[in-house]
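Listed here are the chains, written in short residue letters.
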Amino acid sequence: MRIGQLARRSGVSVRALRYYEEQRLLESARTSGGQRDYPDEALERVQLIQDLFAAGLSSRTVVELLPCVSTGVATPAMLDQLIIERDRIATRIQDLNRAKTKLGRVIENVTAASVAKD
């Protein structure tokens, strides 16, 4: 698939896809005309990259950990890093849930105060 098609299907800009290639996060073949040609699996890879970025992983960390995704094999150091990142994400989720609960209470209080005025 061409870069524009991958961009549309993934919701990621063409510029971002080029950046992923520069960072060795994504690979493409080249057509005889020099255009990028991505395999169908590239869509899933881009979605994983986006999820990992959204979870706070750096492109450097993602580059280091992506081989585990492709091969299903990890060195002890890679496994340690995977566990560290998973635990960091779990902590972040707990923090976000706490903030969500607090905002929910504020909304309830504001709503109750607004109804009481009426």
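Reading the values: the criteria
Residue positions are counted from 1 within each chain, in the order its sequence is given. Confidence filtering applies because this is a predicted model: local features only for residues at pLDDT of at least 70, side-chain atom pairs given and counted only at 80 or more, and all residues used for totals across whole chains, interfaces and linings. Each side-chain value is derived from all of the structure's non-hydrogen atoms; neither hydrogens nor water enter the calculation. Salt bridges are defined by distance alone: a side-chain nitrogen of Lys or Arg within 4 Å of a carboxyl oxygen of Asp or Glu. Summary of the burial criterion: residues with accessible area below 20% of their type's maximum are buried, those above 50% are exposed, and those between are partly exposed, where the area comes from a 1.4 Å probe applied to protein chains only. The helix and strand labels rest on DSSP assignments: H or I over at least four residues marks a helix, E over at least two residues marks a strand, and numbering proceeds from the N terminus. Only buried residues count toward a nonpolar core, which is a set of Ala, Val, Leu, Ile, Met, Phe, Trp, Tyr and Cys residues joined through side-chain atoms within 4.5 Å. For patch detection, residues must exceed 30% relative accessible area and be free of salt bridges, and they are connected within 9 Å for like charges or within 5 Å for nonpolar side chains (Val, Leu, Ile, Met, Phe, Trp, Tyr). Using the Shrake-Rupley algorithm and a 1.4 Å probe, accessible areas are obtained, with residue cover drawn only from the displayed protein chains. UniProt positions are given in the numbering used here, feature names are shortened, and annotations may be inferred rather than shown by experiment.

An unreviewed UniProt entry annotates the chain as MerR family transcriptional regulator originating from Streptomyces rectiviolaceus.

A. Structural context of the pattern of salt bridges. Summed over the entire model, instances satisfying the criterion amount to six salt bridges. In this structure, Arg86 engages Asp87 in a salt bridge whose closest nitrogen and oxygen atoms are separated by 3.0 Å. Note on Asp87: relative accessible area 37%, which makes it partly exposed. Of the charged contacts, one joins Arg98 and Asp95 as a salt bridge, the two residues approaching to 2.4 Å between their closest N and O atoms. Of this pair, Arg98 and Asp95 both sit in helix α5 (residues 76–117), three residues apart, which is roughly one turn of that helix.

B. Expanded view of the nonpolar core. Core analysis: the biggest nonpolar cluster contains 20 residues, and Leu6, Leu17, Tyr20, Leu25, Leu26, Tyr38 and Val46 have the highest contact counts within it. Secondary-structure elements contributing two or more residues to this core are α1 (3–10), α2 (14–22), α3 (42–54) and α4 (59–71).

C. Region of the structure containing a nonpolar patch on the surface. Taken together, the side chains of Leu79, Leu82 and Ile83 make up a nonpolar region of the molecular surface, amounting to roughly 220 Å² of accessible area. Here Leu79 is to be found in helix α5.

D. Molecular detail of the UniProt feature "domain: HTH merR-type" (unreviewed entry) in the chain. As annotated by UniProt and renumbered to match this structure, "domain: HTH merR-type" (unreviewed entry) occupies residues 1–68. A helix fraction of 59% and a strand fraction of 6% characterise residues 1–68, whose end C-alpha atoms lie 24 Å from each other.

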